[in-house]
Each structure stands twice: as C-alpha cells, then as structure tokens.
Amino acid sequence: MKGIVLKSTGSWFEVMTDDKTVISSRVRGQLRLRDIVSTNPVAVGDHVTLLMQEDGTGTIVEIDPRKNYIIRKSIKLSKQTQILATNIDLAVLVVTPIVPKTSTGFIDRFIAAAESFHIPVALVFNKMDLLADSPDYVKDNYLDIYEPLGYPCFCISTLKNENTEPLKEFIKDKISLFSGHSGVGKSSLINLLCPNLNLKVGSISKTHLKGKHTTTFAEMHAYDENSFLIDTPGIREFVNIDFNQSEISHYFKEMLPLINNCQFNNCLHENEKNCAVKEAVESGKIHPMRYYNYLSILHNEDFFK
Ligand code: GDP
Ligand code: ZN
C-alpha cells in the first residue's frame, strides 16, 4: 500500500494512504536510505510503501526517491542530519512590512536557503490592512526588489481576508512549506486556508520554545485533495545554513549567470578587480539591497532579526 507521511513524532508516523485513511506506522528496522545519513530515516512529505499489521498499524518498508528535502545538521554528530520535510513544491515565507517588520536581509537569507535546497519561493506580505494609508510602502521596499527576480509576491490581509484568492489558487496541487517569524500571522493564515484546523493563534508556547534545543517536527495539513501545507515550527533551522563562501552567489539568481564573467574564478564579489557582479550593482542591474544582503551573508552577520 502506498501513502504519504503527514506527521512524525520520532518513532511513529501518520501515513495517509491513497483512500485518505490515516494509519499510524513504524519503520522496519533495516530500512536504509542510500543518499543520506540521517537521524530520522522517514520525514514529513515522504512517499512510502506500507505493510498493514493485524492490529491496524502500518510498517513502512520502502521510501520513494525524494524530489528534494530540507535538513538541519545535528549539533553533536556533525555527519548526521535531521530531515525536516521532503518533496516540497513551494517554500512560502510569510512576512510583515510592519508589526513586526521583516527585514530584506532575512528574506534574502530565506531565499538563499530555499534555492540551495532547489525549492521555489513565494513571498506573502501579510497585515496589509495596517498599511492602508501608505499604499506604496510595500512596493517601494519589497515588491520592486523581488517581483523583477520572478519571485511570486502576494499582498494580503489575513485579518480581513483580503486578496487571499490568488494565494489560494497558487498553492493548489502543491506541497507548500509555510515559514515566518513569530507574530507575522502564519498560524492565522494557515487557519484561514484550512478552516478545520484551528491552530493556536498568538500562543505563548512558541516563545517559550525559543532558543531551546527542542526537537520540533514539521506537520503536514491537507488543504484539499492534492494540496498540502507544511507548518514548520523551526524557521531558524531552515535558514541557518553553513554556506561555503564561494557558493552564496549561486543562490542569488541574478548573480549566478554573471559569475563566470568575473576575472577571478574564486571571486567573492567583494573587493576583487573586474568583478561582473559589482559592475552589475553599479549599473543598476542588481538591486543594491540584494548586494548588501549578499555581503551580510558572506560575512555571516546575524540574520535572525
Ligand atoms: P504567528 O506567530 O506567525 O503564527 O502569528 P499569529 O497567527 O499567532 O498572529 C499574530 C498576531 O497577528 C495575532 O494577534 C493576529 O491576530 C495578528 N494578525 C494576523 N494576521 C493579521 C492581519 O492580516 N492583520 C492584522 N492587523 N493582524 C493580523
Ligand atoms: Zn565577482
């Protein structure tokens, strides 16, 4: 029997089969992944093969090859990783221009992480009702940077349920991962999209978890027959990647096509002579804010703000 993993609690997995039944399942001991050494062999989003047991539980005996996955490195065992979610079609970052203000530095860090995992990105600008008196604010400070790069942007108010239709349409038939700083309205939005869920809004338990090495697991919710939303508790884990300095420009899609034109093939696009990236910044082809944020990632500055 085939199914998709909706939830993981470490040793038990909720697997939804093709007829939409959810079956509590465990992994058979000898199950191994060829491509990755991981502390958790099965993750949310995995397509698996189940054997039914007499007590109604399932045994996961096979995992289909993954389209992509997001991982976090385990702190103690450097070669081991924890897979947070797999087979993701879209990474949605929920941001707020105000209350709280999400910086473009953070957005660019998120985009670079998603690009490194080969996951397309969409940006949702929430709480637009708070900006009714400043109609150009989001355009000037955000949309003019990200729309020309081809990242879909949705300006919505979850509170007033305004302009949410295009987003609802866009996430159809996809597995979408939802992330965002605490307070941006991610839970409210997921509740709006999946009305039967009732996630806790503004719960203090989340701040309570901050900074602790609690193992948090992503959970997948059915949006409709073929669409799912993954709620990621740990945005820090998603974004906190140890990039090699030389690979960062590969995840800035406007820089990638230029880097072969730099004079030095190990160019970091900072102080080097004849750098095609710097020339593109000077001529206005690359947005100065993107370049500034690139340098900030290069210098490993604190991005979690
Ligand atoms: P989360 O931490 O990202 O999951 O955010 P919550 O969903 O808990 O929402 C945080 C706060 O923002 C709550 O008080 C919500 O009522 C509020 N909020 C969510 N969406 C909107 C919106 O579109 N406009 C306004 N003004 N407030 C919102
Ligand atoms: Zn360069």
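Attention here is on the structure that accompanies the text. Fair warning: this is a prediction, and the values are worked out from it, not measured in the lab.

**Focus on the pairing of strand β11 (residues 175-179)**
Piece 1. Counting buried positions along β11 yields five of five residues, so the element is predominantly enclosed.
Piece 2. With burial as the criterion, each face of β11 is covered, one bearing Ile175, Leu177 and Ser179 and the other bearing Ser176 and Phe178.
Piece 3. In the sheet, strand β8 (residues 90-95) pairs with β11 via four bridges, with the strands oriented parallel. Residue pairing across strands places Val92 opposite Phe178, the latter belonging to β11.
Piece 4. Pairing analysis gives four bridges linking β11 to strand β13 (residues 227-231), with the strands arranged parallel. Directly across from Phe178, in β13, lies its bridge partner Asp231.

**A closer look at the nonpolar core**
Piece 1. Judged by nonpolar contacts, the single largest core of 61 residues is most densely connected at Ile70, Tyr146, Ile230, Phe238 and Tyr294.
Piece 2. Counting residues per element, this core draws most heavily on helix α1 (residues 104-116), at seven residues.
Piece 3. Ignoring anything within four residues of it in the chain, the contact list for Tyr294 reads Ile248, Ser249, Phe252, Met255, Leu268 and His269.
Piece 4. Core analysis: the next-biggest nonpolar cluster, separate from the first, contains 17 residues, Leu90, Ala122, Ile156 and Leu193 among them.

**Details of the pattern of salt bridges**
Opposite charge on two side chains allows them to pair when their charged atoms are near.
Piece 1. This model, assessed by the stated rule, comprises 10 salt bridges.
Piece 2. Across the pair Asp46 and Arg66 runs a salt bridge whose closest N-O atoms are separated by 2.6 Å. Here Asp46, found in the loop between β3 (22-27) and β4 (47-52), pairs with Arg66, found in the loop between β5 (58-63) and β6 (69-73); they are 20 residues apart in sequence, far enough to count as distant.
Piece 3. With a closest N to O distance of 2.6 Å, Arg290 and Asp108 form a salt bridge.

Cut-offs applied
Residues numbered from 1 in each chain as written. Chains lettered and ligands numbered in written order. Predicted model: local features only at pLDDT ≥ 70, side-chain atom pairs only at ≥ 80, totals over all residues. Heavy atoms only, no water. Buried < 20%, exposed > 50% of the residue type's maximum accessible area, 1.4 Å probe, protein only. Helix = DSSP H or I, 4+ residues; strand = E, 2+ residues; numbered from the N terminus. Pairing = 2+ DSSP bridges. Core = buried A, V, L, I, M, F, W, Y, C linked by side-chain atoms within 4.5 Å. Contact = heavy atoms within 4.5 Å. Salt bridge = Lys/Arg side-chain N within 4 Å of Asp/Glu carboxyl O.

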